[in-house]
Amino acid sequence: DGAVVVRDGGSLVLCTACRSGAPSPGVDFLPLRVDYLEKLSAGGRTAGSYIKREGRPSEHEVLVSRLIDRPLRPMLPDGYFFELQLLASVLSYDGARSMDTWAICG
């Protein structure tokens with residue numbers, strides 16, 4: 001388990017990693033979940049009174065999650081069956097930089 005905060009100007013990304021305590025029984029694949037999240041509140045906006053939730057991930061969020069996932073899978077050893085979750089959350093966004101690059105590096 002670990003976390004990294006990446007700050008660039010007024011932008012901030014929190015990258016976290018969590019692993020299960022024991023390998024998942026009966027699993028013969030790498031259970032890796034990667035999520036990249038950009039909330040409206042990171043840019044200083046809030047949803048209106050009717051739509052309170054962010055909804056499903058955007059196409060950009062899905063693609064950035066895949067850009068994080070694809071290079072990591074070959075780095076993990078064969079037979080690694082622990083559940084692993086990686087989250088990259090944009091906490092603050094100043095609009096001047098692309099935060100997906102920092103999420104990939106984090």
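About the thresholds
Residues numbered from 1 in each chain as written. Predicted model: local features only at pLDDT ≥ 70, side-chain atom pairs only at ≥ 80, totals over all residues. Heavy atoms only, no water. Core = buried A, V, L, I, M, F, W, Y, C linked by side-chain atoms within 4.5 Å. Buried < 20%, exposed > 50% of the residue type's maximum accessible area, 1.4 Å probe, protein only. Helix = DSSP H or I, 4+ residues; strand = E, 2+ residues; numbered from the N terminus. Contact = heavy atoms within 4.5 Å. Phe/Tyr/Trp six-rings, centres within 6.5 Å; stacked < 30°, edge-to-face > 60°. Lys NZ or Arg CZ within 6 Å of the ring centre and 35° of its normal. Salt bridge = Lys/Arg side-chain N within 4 Å of Asp/Glu carboxyl O. Expected span 1.5 Å × (residues − 1). Arc of directions from axis to C-beta. Pairing = 2+ DSSP bridges. Axes fitted to C-alpha atoms, helices over the stretch in contact; angles between N-to-C directions.

A.B. asks: I'd like to hear about the nonpolar core, residue by residue, with values.
C.D. replies: Of all hydrophobic cores here, the largest spans 16 residues; its most connected members are Val13, Leu32, Tyr36, Ile68, Ala88 and Ala103. Contributions of two or more residues to this core are made by strand 2 (11–19), strand 3 (32–38), helix 1 (59–72), strand 4 (84–92) and helix 2 (99–105). In this structure Val13 touches Val4, Val5, Val6, Ser89, Val90, Met99, Trp102 and Ala103, once residues within four positions along its chain are discounted.

A.B. asks: Go over the packing of aromatic side chains with me, naming the residues and quoting the values.
C.D. replies: Counting across every chain of the model gives one aromatic pair. Aromatic pair Tyr80 and Phe82: ring centres 5.3 Å apart, planes at 50°, arrangement tilted. The same class applies to Tyr80 as to Phe82, namely buried. Sitting over the ring of Phe82, Arg19 keeps its end group 4.0 Å from the ring centre.

A.B. asks: Describe the pattern of salt bridges, listing the residues and the values that go with them.
C.D. replies: Close approach of charged atoms allows side chains with opposite charge to pair. Taken as a whole and judged by the stated rule, the model has five salt bridges. Between Arg33 and Asp35 there is a salt bridge; the shortest N-O distance is 2.7 Å. Accessibility expressed as a relative area gives 18% for Asp35, which makes it buried. Taking the shortest distance from any N to any O, the salt bridge between Arg73 and Asp69 comes out at 2.8 Å. Assessed through its relative accessible area of 31%, Arg73 is described here as partly exposed.

A.B. asks: Go over helix 1, please, and point to the residues and values.
C.D. replies: With 14 residues, helix 1 should reach 20 Å at 1.5 Å per residue; the first-to-last C-alpha distance of 20 Å fits that figure. All of the buried residues in helix 1 are Glu61, Val64, Ser65, Ile68 and Asp69. With its buried residues spanning 135° around the axis, helix 1 presents them on a single face. Exposed side chains of helix 1 directed beyond 90 degrees from the buried face belong to Glu59 and Arg70.

A.B. asks: Describe the sheet that holds strand 1 (residues 2–8), with residues and values.
C.D. replies: Taken together, four strands build an open sheet; the order of strands is 1-2-4-3 and the sheet is mixed. Pairing within the sheet leaves two strands with one partner each, and these edge strands are strand 1 and strand 3. Going across the sheet, the axis of each strand differs from the next one's by a mean of 10°, ignoring polarity. Relative to strand 4, strand 2 is paired through eight bridges, and the arrangement is antiparallel. Bridging from a neighbouring strand, Leu12 pairs with Ser92 of strand 4. Helix-sheet contacts for helix 1 involve strand 3 and strand 4, and the interaxial angle to strand 3 is about 140°.

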